[in-house]
Amino acid sequence: MSALRRRAAPYFLLGPGTIWLVLFFVVPLFYMAKLSLESGVVGNLEFNWRWSNYSDALELYDSQFVRSFVYAAAATLIALAVAYPLAYTMAFKAGRWRNALLFAVIAPFFTTYLIRTIAWETILSDESPVTEFLHVIGLAPSGHVLATGPAVIAGLTYNFLPFMILPLYASLERIDERLIEAAKDLYSSASQSFLRVTLPLSAPGMVAGTLLTFIPAAGDYVNAQFLGGAGNRMIGNVIQSLYLTQADYPSAAALSFVLMALIMVAVVVYIRFAGSEALMGQEAR
């Protein structure tokens, strides 16, 4: 009996998490899939396997899909460029200031996502010192930043930057500094030891940070709502409008599934390009 209990223990431990996923992920996903194949209006919906909802989603909102992925990719690349030097400094150079810098990274989470985005609306307003400075240096020749694509990308970068910094810091912090010292003992320059030792060993953090930044950024609608204009709507704004304004639930559900499918394809392609070893951290062993 004791051996049977030991074999069954892992399944009992997995039980609560499995039940949670089934109730709050699988079941809602099933009903949303069913809804995406219906037709009609709210209160008079009919399930009739309407696959045209998916083709219509791609045909009518292709520009919003492209814009969402372009904005998300730009924000991810900028976040990576900003996050890596900061994470490197925190891991190797910060010393007693490491905890303070780490707290500064996670401090924005103490404020709600919406408030942070509205704050950026104030920061990028036409009367703000930031906009005036950008106008002086030629980055905002019209003296106007809001309701533009760069404003949306800036908001996405800021809001999701911690999701890039934290995995990078965790990956860099685990690197054995003796490996870097060994590279220098073998007459590698600082740049060579970084490119051949530090950068490959931090690849798991880069892959994880990229995924954690790109995936939510592609489906975001808050930044485009407050920082963008009518010409900068992302696919998340379309889905929100279809659900809450037009009450076109089948089309909104179909768009949601198309977005999930496209993100999944992008992630699979990226992982194959980066290598599954980088994702699993096998370079560090």
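It should be noted that the structure appears before, not after, this text.
Throughout, residues of each chain are indexed from 1 in the direction in which the sequence is written. With the structure being a predicted model, the display of local features is reserved for residues of pLDDT at least 70 and the display and counting of side-chain atom pairs for 80 or more, all residues being used for whole-chain, interface and lining totals. Based on all heavy atoms of the structure, the side-chain values leave hydrogens and waters out of the count.

### A short note on the pattern of salt bridges
- Whenever Lys or Arg places a side-chain nitrogen within 4 Å of a carboxyl oxygen from Asp or Glu, that contact is recorded as a salt bridge. According to the stated counting rule, one finds 2 salt bridges in the structure shown.
- Here Lys-34 makes a salt bridge to Glu-38, at a shortest N to O gap of 2.9 Å.
- Taking the shortest distance from any N to any O, the salt bridge between Arg-178 and Asp-176 comes out at 2.7 Å.
- Overall, the relative accessible area of 61% leaves Arg-178 in the exposed class. Three exposure classes are used, based on accessible area relative to the maximum for each residue type with a 1.4 Å probe and protein chains only: buried under 20%, partly exposed in between, and exposed over 50%.

### A word on the packing of helix H8 (residues 177–185) against helix H9 (residues 190–201)
- Whenever a helix is involved, its axis is fitted only over the stretch in contact; in every case the axis is a line through C-alpha atoms, and angles between N-to-C directions fall within 0 to 180 degrees. For helices the rule is a DSSP run of H or I covering at least 4 residues; for strands it is a run of E covering at least 2, with both sets numbered from the N terminus onward. For the pair H8 and H9, the least separation of the axes is 9 Å and the interaxial angle reads 160°. Taken as axis vectors, H8 and H9 run roughly antiparallel relative to one another. In the crossing of H8 with H9, the sense of the turn from one axis to the other is right-handed. Every residue of H9 that contacts H8 at Leu-179, Ile-180, Ala-183 and Lys-184 is listed here: Ser-193, Val-197, Thr-198 and Leu-201.
- For this classification, Asp, Glu, Lys and Arg are treated as charged, while Ala, Val, Leu, Ile, Met, Phe, Trp, Tyr, Cys and Pro are nonpolar and the rest, including Gly, are polar. Here the contact of H8 with H9 is built from residues that sort into 5 nonpolar, 2 polar and 1 charged. To sort the angles, those under 35 degrees are grouped as roughly parallel, those over 145 as roughly antiparallel, those from 65 to 115 as roughly perpendicular, and the leftovers as oblique. Each crossing gets its hand from how the near helix is turned against the far one by less than a right angle, where anticlockwise is left-handed and clockwise is right-handed. Note on contacts: a residue pair is in contact if any heavy atoms of the two residues lie within 4.5 Å.

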